[in-house]
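Chain by chain, the residues:
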Amino acid sequence: MASQIDARGRLRHLISLEEMPRTQLVGLLDRSEQFLTAMGQYPASNQALAGRTVANLFFEPSTRTRASFELAARRLGAEVLSLDVSMSSRAKGESLLDTIYTLQAMQIDVFVVRDAQSGVPAFICDHVAPHVAVLNAGESHLNHPTQGLLDVLTIRLHKPGFEQLVVAIAGDIQHSRVARSAHHALMTLGVGELRLVAPPALAPDPAEFASAILLDNIEEGVAGADVVMCLRIQRERMEVSRNPDPADFYREFGLTPERLALAKPDAIVMHPGPMNRNVEIAGSVADGPQSVIEEQVTNGVAVRMAVMQAVMETIHG
Ligand code: CP
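Cut-offs used in this document
Residues numbered from 1 in each chain as written. Predicted model: local features only at pLDDT ≥ 70, side-chain atom pairs only at ≥ 80, totals over all residues. Heavy atoms only, no water. Near = heavy atom within 4 Å. Polar contact = N/O pair within 3.5 Å; in protein donor to acceptor, adjacent residues only side chain to side chain. Areas by Shrake-Rupley, 256 points an atom, 1.4 Å probe, with all protein chains shown as cover. Nonpolar A, V, L, I, M, F, W, Y, C, P; charged D, E, K, R; others polar. Buried < 20%, exposed > 50% of the residue type's maximum accessible area, 1.4 Å probe, protein only. Helix = DSSP H or I, 4+ residues; strand = E, 2+ residues; numbered from the N terminus. Pairing = 2+ DSSP bridges. Right-handed = clockwise from strand over helix to strand, strands pointing away. Salt bridge = Lys/Arg side-chain N within 4 Å of Asp/Glu carboxyl O. Axes fitted to C-alpha atoms, helices over the stretch in contact; angles between N-to-C directions. Contact = heavy atoms within 4.5 Å. Left-handed = near helix turned anticlockwise from the far one by under 90°.

Enquirer: Explain the site of the ligand to me, please; I cannot follow it from the model alone.
Expert: Taken together, the neighbourhood of the ligand is formed by Ser62, Thr63, Arg64, Thr65, Arg114, His144, Gln147, Pro272, Gly273 and Pro274. One nitrogen or oxygen atom from the side chain of Gln147 is found 3.0 Å from a nitrogen atom belonging to the ligand. Relative to its free-state accessible area of 260 Å², the ligand is covered by the protein chains to the extent of 92%. Its residues assigned to classes, the shell around the ligand shows two nonpolar, six polar and two charged.

In structure tokens, the structure reads:
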């Protein structure tokens, strides 16, 4: 299988944060910070990808990630092709690889890929030309590396010093690629304590998260936390009969103001989106003073600019 790093240890593709060395992860966060400007100022931009073409291939729905990659590519001077996959020839039976080879023949430099099936981004890496990069924009329940980067960047901007932090991720952990990528990044950064809080029906296999504390009680999970991240129920990844009732979920598990009051007074509240208000999080908490949810979105563009610039530097020097 193609590696996401080249023979010199540089980022060549981005598939997962699982085995990313700490220096590379921190380097991407530092690079991302350089692309942040204050709201109301012009967004950061340069011409690092001038003349290059980025293709967005989203075989699952997306608002944030797709728009964020598109803006990031444009702010680096690239052309962007966002394929309408429901209207593409894959819907007529064309294989994924034939779609990739067809677009590659139009001189695509970067494929940004989201797919419901595990292994698709790595499979594409194995088949693209030597000058082409593949970036994982969400893979089944397994990986969402740019989300993981933007999440730890957001935490770092508010609470530098991961070793001192208690981070609680609450909700449907079992089906969440966001939780997995956050887990990979937080472990690499040496987080003090990571709590994964889920009702029993949505709890993950403990073996997969050996270094985290698994809990099924939201009050216990949130108590004393510095960071509380809420996750939605991933209904698209479970049978309808297993879908929890939204009102029951909110009553037993939702992040209400009363539950948030159990966390540290200066705790930040995160959510990757899309958000279901008054299911996994109260609307007043999502909009409240501790929420950094919109900052996560802003930071996502900077992270995607950093990742695209890094892989293009690896390929073209
Ligand atoms: N956080 C996230 O992946 O959101 P989208 O599904 O809207 O891209």
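Still more ground to cover, so stick around.
Enquirer: Explain the pairing of strand β6 (residues 193-197) here, please?
Expert: Regular strands have side chains that alternate between both faces of the sheet. In terms of residue burial, β6 counts as a mostly covered element, since four of its five residues are buried. Inspection of the sheet shows strand β5 (residues 166-170) paired to β6 by five bridges, in the parallel sense. Opposite Val167, over in β6, you have Leu194 as the bridge partner. The parallel pair β5 and β6, bridged by helix α6 (residues 177-188), forms a crossover whose chirality is right-handed. Pairing geometry for β6 and strand β7 (residues 213-215), over three bridges, is parallel. Paired with Leu196 across the bridge in β7 is Leu214.

Enquirer: I'm lost on the pattern of salt bridges in this one. Help?
Expert: Pairing is possible between side chains that carry opposite charge, provided their charged atoms lie close to one another. In this structure the tally under the stated criterion is 16 salt bridges. For Arg156, the salt bridge goes to Glu33, with nearest N and O atoms at 2.7 Å. With Arg156 in helix α5 (residues 145-158) and Glu33 in helix α1 (residues 22-33), this pair connects stretches of sequence that are 123 residues apart. Owing to a relative accessible area of 32%, Glu33 belongs among the partly exposed residues under this scheme. Arg277 serves as the salt-bridge partner of Asp287, at 2.8 Å between the closest nitrogen and oxygen.

Enquirer: I keep staring at the sheet that holds strand β1 (residues 53-58) and nothing clicks. Help me out?
Expert: Working definition: the strands of a sheet are paired by backbone hydrogen bonds and lie parallel or antiparallel to each other. Ordered by their spatial adjacency, four strands build an open sheet running β2-β1-β3-β4, and the pairing between neighbours is parallel. On the outer flanks of this sheet lie β2 (79-82) and β4 (133-139), each paired with one strand and no other. On average, adjacent strands in this sheet sit at an angle of 15° to one another, irrespective of strand direction. Sheet topology places β1 next to strand β3 (residues 110-115); five bridges connect them, and they run parallel. Within β3, the position partnered with Asn56 by the bridge is Val112. Its contacts with the sheet place helix α3 (residues 96-104) against β1, β2 and β3, and it is angled at close to 155° to β3. Across the sheet, helix α11 (residues 293-316) is in contact with β1, β3 and β4; its angle to β4 comes to roughly 150°.

Enquirer: Mind showing me how you'd approach the packing of α1 against α11 here?
Expert: What describes two packed helices is the angle between their axes and the distance between those same axes. In the contact formed by α1 and α11, the axes pass within 8 Å of each other and the chain directions differ by 115°. As for the relative orientation of α1 and α11, their crossing is right-handed in sense. The segment α1 lies against α11, with Leu28, Arg31 and Ser32 engaging Ala302, Val303, Ala306, Val307, Gln309, Ala310 and Glu313. Split by residue class, the contact of α1 with α11 holds six nonpolar, two polar and two charged.

Enquirer: So what exactly am I meant to see when it comes to the sheet that holds β5 here?
Expert: Judged by pairing direction, the sheet is parallel, and its five strands sit side by side in the order β7-β6-β5-β8-β9 without closing on themselves. In the strand order of this sheet, the two ends are held by β7 and β9 (268-270), each with one partner. Neighbour to neighbour, the strand axes of the sheet diverge by 20° on average, direction disregarded.

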